[in-house]
Amino acid sequence: MHSAPRALCPHVEWAVAGVLGTRVSLDWIRQPAAPGTWRSEFSWQAEVGTASKLASALRGWHLLRFEVTAEPCPTAEGERYSCTPELGIFHAVTGIHGDILIPEDRLRAALTRSQQGETDLESEIAKLLGKPWDDELEPFRYAGEGAPVRWLHQVV
């Protein structure tokens, strides 16, 4: 969680606990990149698909900035969700080295839009890679260096 107003912090914990099926108590610290907001980091282990459930549970609050990442495993590619109040949610599939994997039909659609003059190809590729989300979240990531991490475990 990159930034959340103090009033939403207990609701974030409740939403995460609802998805993970266990009590969650996060360590919140002030977020210097957005005065008046708080940040927290945690890791979890659960079944495939939990990252999308976490992102869905959190995306309803307009004032949150967050990222949810699932590592790839033998039965599924990895995933990354990024969310900002201004841009909404971004989803990408990631490979074993963390690279974003873009499905060919999304590439074809981006190429078609650029060929029809709706946009330029560079902007389309930047969106496919999540660059606008990375640009907006980077100051919040940097502000969290050295923040404590809580490890959550769930037997599956």
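Residues numbered from 1 in each chain as written. Predicted model: local features only at pLDDT ≥ 70, side-chain atom pairs only at ≥ 80, totals over all residues. Heavy atoms only, no water.

1. Structural notes on the pattern of salt bridges
If you walk through the whole model with that rule in mind, you get 13 salt bridges. Between Glu-47 and Lys-53 there is a salt bridge, with the nearest N and O atoms lying 3.8 Å from each other. By relative accessible area, Glu-47 is classed as partly exposed at 47%. The salt bridge partner of Glu-104 is Arg-108, with a shortest N-O separation of 2.5 Å. (Salt bridge = Lys/Arg side-chain N within 4 Å of Asp/Glu carboxyl O. Buried < 20%, exposed > 50% of the residue type's maximum accessible area, 1.4 Å probe, protein only.)

2. Focus: the pairing of strand β6 (residues 78-84)
In terms of residue burial, β6 counts as a mostly covered element, since seven of its seven residues are buried. Alternating residues of β6 divide into Gly-78, Arg-80, Ser-82 and Thr-84 and Glu-79, Tyr-81 and Cys-83, and every residue in both groups is buried. The sheet contact formed by strand β5 (residues 66-70) and β6 spans five bridges and is antiparallel. Bridge pairing in β6 places Ala-70 opposite Glu-79. Where β6 meets strand β7 (residues 88-94), seven bridges bridge the pair, whose relative direction is antiparallel. Paired with Gly-78 across the strands is Thr-94, a residue of β7. The turn linking β6 back onto β7 is made up of three residues. (Helix = DSSP H or I, 4+ residues; strand = E, 2+ residues; numbered from the N terminus. Pairing = 2+ DSSP bridges.)

3. Looking at the packing of aromatic side chains
Under the definition given, this model contains one aromatic pair. Just above the ring of Trp-38 sits the side chain of Arg-6; from NZ or CZ to the centre is 4.2 Å. (Phe/Tyr/Trp six-rings, centres within 6.5 Å; stacked < 30°, edge-to-face > 60°. Lys NZ or Arg CZ within 6 Å of the ring centre and 35° of its normal.)

4. Side note on the confidence of the model for the protein chain
The predicted coordinates of low-pLDDT regions are not to be read in fine detail. Per-residue confidence for the protein chain averages 90 on the pLDDT scale, and 92% of its residues sit at or above 70. This model gives residues 148-156 a pLDDT under 50, and the stretch forms 24 contacts once residues within four places in sequence are excluded. (pLDDT = per-residue confidence, 0-100. Contact = heavy atoms within 4.5 Å.)

5. Some words on the state of the cysteines
Under the criterion given, the structure shown has zero disulfides. Cys-83 provides the cysteine sulfur closest to Cys-9, a residue in no disulfide bond, and the two sulfurs are 16 Å apart. Classification of Cys-9 by relative accessible area gives buried; the value is 3%. On the accessibility criterion, Cys-83 (6% relative accessible area) is buried. (Disulfide = S-S within 2.5 Å.)

6. A look at the side chain of Glu-79
Within the secondary structure, Glu-79 is located in strand β6. Here Glu-79 occupies a buried position and makes no salt bridge, while the nearest side chain of opposite charge, Lys-53, is found at 10 Å. At 3.0 Å, the side chain of Glu-79 and the side chain of His-91 are in polar contact. (Lys, Arg positive; Asp, Glu negative; His and termini not counted. Polar contact = N/O pair within 3.5 Å; in protein donor to acceptor, adjacent residues only side chain to side chain.)

7. As for the sheet that holds strand β1 (residues 4-5)
Spatially, β1-β3-β2 is the arrangement adopted by the three strands of the open sheet, whose pairing is antiparallel. In the strand order of this sheet, the two ends are held by β1 and β2 (29-30), each with one partner. Across two bridges, β1 lies against strand β3 (residues 37-39) in antiparallel orientation. Following the sheet pairing, Ala-4 is matched in β3 by Trp-38.

8. Let's talk about the sheet that holds β5
Taken together, four strands build an open sheet; the order of strands is β5-β6-β7-β8 and the sheet is antiparallel. Two strands in the sheet have a free side with no partner beyond their single neighbour: β5 and β8 (100-101). On top of the sheet, helix α5 (residues 131-143) reaches β5, β6 and β7; it is set at about 80 degrees to β6, its chief contact. (Axes fitted to C-alpha atoms, helices over the stretch in contact; angles between N-to-C directions.)

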